[in-house]
Amino acid sequence: MSAAGTARAVVQRLLDLGVREAVVAPGSRSGPLALALAQADREAALRLHVRLDERTAGFLALGLSKASRRPVPVLTTSGTAVANLHPAMLEALHTGVRLVALTADRPARLRGTGANQTTDQRHIFPGVPYLEDVAGLDGSAGPVQLNVELDEPLLQGPAEGGYVRSDADAPPRHRRASDPFRLASGPRTVVVAGDDAGAAARVAAEAGGWPLLAEPSSGARTGTHALATYRLLLAHSPLAEQVERVVSFGHPTLSRPVARLLSRADVEVVHVGTEATFPVAVDERVRLVEGVEVEGPDPADWLDDWRTADARARAAVDTLLDADPELTPYEVARAVAAAVPPRGLLVVGSSNPIRDLDVMAAPSTVGERRLVLANRGLAGIDGTISTALGAALGRPGPALAYLGDLTFLHDANGLLAGPAEPRPDLTLVVASDDGGSIFHTLEQGAPEYAEDFERVFGTPTGVSIAAVCAAYGVAHETARTADELAAALGRPASGVRVVEVPLRRDRRREQTAALSAAVRDAVG
Ligand SMILES: Cc1ncc(C[n+]2csc(CCOP(=O)(O)OP(=O)(O)O)c2C)c(N)n1
């Protein structure tokens, strides 16, 4: 088959599988596929996004797929271009995102020779299914590499048209288990909802009358069983010791208190998922199941005790923050969470932004359909701007992202897009403390490592985020107080804009300790 014919077959197959968005990074070997995708875009069979940098293109496609629940192809030329997709492919592998790496290749006979831009790029992403024949593409969960050898002549006139897109709806985010495990009443139970747990976690907590400990990106931090300060309660309330059973959903990764709870020898765990989404070793205490069915509500005093403790902890946190004359990162998290409207989207960076939200975000009302996304598969700080742009493009409506300054700078090139490219209305809130604040709260933040701390962990850059934004033609404003931040977030974005919130980093360890102490005093 000619190169153009192969490209046409690939693009039509992608459309048959429900593809509506595609990302292209420019190249020569990939030319026939790029032209076919451009033709499909012209015919409104899909929408095309073009990015220079394959690493950001990969994350853009990841965000598009996460928000739209559809497979999204990202096209690269041969050689190093392919390898630049690896971070996004790894994240997709660990979260089941249907990212299709469409990697144009040189003919097999050139492998092992010194031919230009030629390497062995087959199976370049270990663990990711690999295909050479488009007929093998079936749209199943997780990423796939489709490596397409294209020989000359690459181009023989304009691409043929006539693309037809499938009308099939995107599949549901979560499927109901056919044979759920029955959870008997009795043991003192809490429900843990990790990343992408879905509403099933809330439903189980409500049916059992149990507290719901839901991470911000769980999709389950909703309703009246969700407890905002659960992480602090697990660390400081005597209630934690009384837990006898945990039912966990999704992929919990955010906090050590949750990992400790899931590892406790005296706690029985029922995990809805596989070993790949369970954050500690699976032993005989842990049962892996596809779904659960709850026998009936347990006595209300267990949940009441947790709710009382949560209310006390929240009051203690508020008192502490109110007394602080400076803007703290916790207040930034609270303002960001409060600014997400019903049906709104929030993409959160790894490091402290997601952890601060985990303490500060008030659970939202069931049915308001907020979507909070985070790359928790591998918790990288890479690709966050691109993921947010992709998610905002993939889900119509107001969109926010919340990330640290290093996370912003790591993916600053995600802001690079040509003037004709589709742009979402997206506000990126940057918690700007010139470096990585999370390390202050970890072992390396202890005084004995102070001499090397700034250079190898804090890594301040001194870079002006305003200047970076100016270079990419992105609007930038600064919010110095909680009121200024709330006002900025109250103004709808038109296009992409950055709201930078300057914060102190040198107080992080002290602030974290003060928060813990305040909650310990209130509930301990
Ligand atoms: C790709 C990648 N590289 C390195 C890390 C390790 N890491 C975790 S947090 C962090 C610093 C993040 O700093 P910033 O974005 O400013 O957020 P803050 O810690 O201040 O909240 C680093 C380097 C990572 N998670 N991912």
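Residue positions are given per chain, counted from 1 along the sequence in the order it is written. Confidence filtering applies because this is a predicted model: local features only for residues at pLDDT of at least 70, side-chain atom pairs given and counted only at 80 or more, and all residues used for totals across whole chains, interfaces and linings. For side-chain calculations, the full set of non-hydrogen atoms in the structure is used, while hydrogens and water are omitted.

The next subject is the site of the ligand. Consider each residue's heavy atoms; a residue with any of them within 4 Å of a molecule or strand counts as near. Taken together, 17 residues lie near the ligand, and Ser 351, Ile 381, Thr 407, Gly 435 and Ser 437 sit nearest. Polar contact is defined as a pair of N or O atoms within 3.5 Å, subject to the rule that within protein one atom must be able to donate a hydrogen and the other to accept it, and that residues adjacent in sequence are counted only when both atoms are side-chain atoms. Leu 406 places a polar main-chain atom, nitrogen or oxygen, 3.0 Å from an oxygen atom of the ligand. Here an oxygen atom of the ligand and a backbone polar atom of Gly 435 are 2.9 Å apart. A 1.4 Å probe and the Shrake-Rupley method give the accessible areas. Residues count as covered only by the protein chains that appear here. Contact with the protein chains hides 74% of the accessible area of the ligand, taken as 590 Å² for the molecule alone. Working definition: helices are DSSP H or I runs of at least four residues, strands are E runs of at least two. Numbering for both runs from the N terminus. Of all elements in the fold, only helix H11 (352-360) and helix H13 (405-410) reach the threshold of two or more residues within the shell around the ligand. Of the residues forming the shell around the ligand, the biggest block, three residues, is contributed by H13. Of the residues in the shell around the ligand, the class split is six nonpolar, eight polar and three charged. The nonpolar class holds Ala, Val, Leu, Ile, Met, Phe, Trp, Tyr, Cys and Pro. Asp, Glu, Lys and Arg form the charged class, and all remaining residues, Gly among them, are polar.

Now for the side chain of Asp 356. Tracing the sequence through the fold places Asp 356 in helix H11. By definition in these notes, contact holds between two residues if any of their heavy atoms fall within 4.5 Å. Residues in contact with Asp 356, not counting those within four places in the same chain, are Pro 329, Tyr 330, Ala 333, Tyr 402 and Arg 508.

The next subject is H11. Burial of H11 is extensive: nine of the nine residues sit out of reach of the surface. For every residue, the accessible area obtained with a 1.4 Å probe (protein chains only) is divided by the maximum for its type, and the residue is called buried under 20%, exposed over 50%, and partly exposed between those limits. Three or more residues of H11 are buried, namely Asn 352, Pro 353, Ile 354, Arg 355, Asp 356, Leu 357, Asp 358, Val 359 and Met 360.

Along the chain, Ser 237 turns up in the loop between helix H7 (230-236) and strand S10 (245-249). Accessibility expressed as a relative area gives 6% for Ser 237, which makes it buried. For Ser 237 and Val 523, which are 286 residues apart along the polypeptide, the C-alpha to C-alpha distance reads 5.5 Å. Discounting chain neighbours no more than four positions away, the residues touching Ser 237 are Leu 232 and Val 523.

Turning our attention to the domain arrangement of the protein. The extent of an interface is frequently quoted as the accessible surface area lost upon association of the parts. Partitioning the protein into domains gives domain 1 (3-149), domain 2 (181-308) and domain 3 (327-506). Start and end positions for the domains come from either an automated domain assignment or a database one. Inter-centroid distance (C-alpha atoms) of domain 1 to domain 2 is 38 Å.

Turning our eyes to something else, we now look at the pairing of strand S11 (residues 268-272). Counted residue by residue, S11 has four buried out of five residues, so it is predominantly covered. For S10 and S11, the ladder comprises five bridges, and the chain directions are parallel. Across the sheet, Phe 249 pairs through a bridge with Val 272, a residue of S11. By the criterion used throughout, a crossover qualifies as right-handed when its path from the first strand across the helix to the second strand runs clockwise, the strands pointing away from the viewer. In terms of handedness, the path from S10 via helix H8 (residues 256-263) over to S11 forms a crossover that is right-handed. Note: two strands are recorded as paired if DSSP finds a minimum of 2 bridges between them. Pairing geometry for S11 and strand S12 (residues 286-289), over four bridges, is parallel. Residue pairing for S12: His 271 is matched across the bridge by Leu 288.

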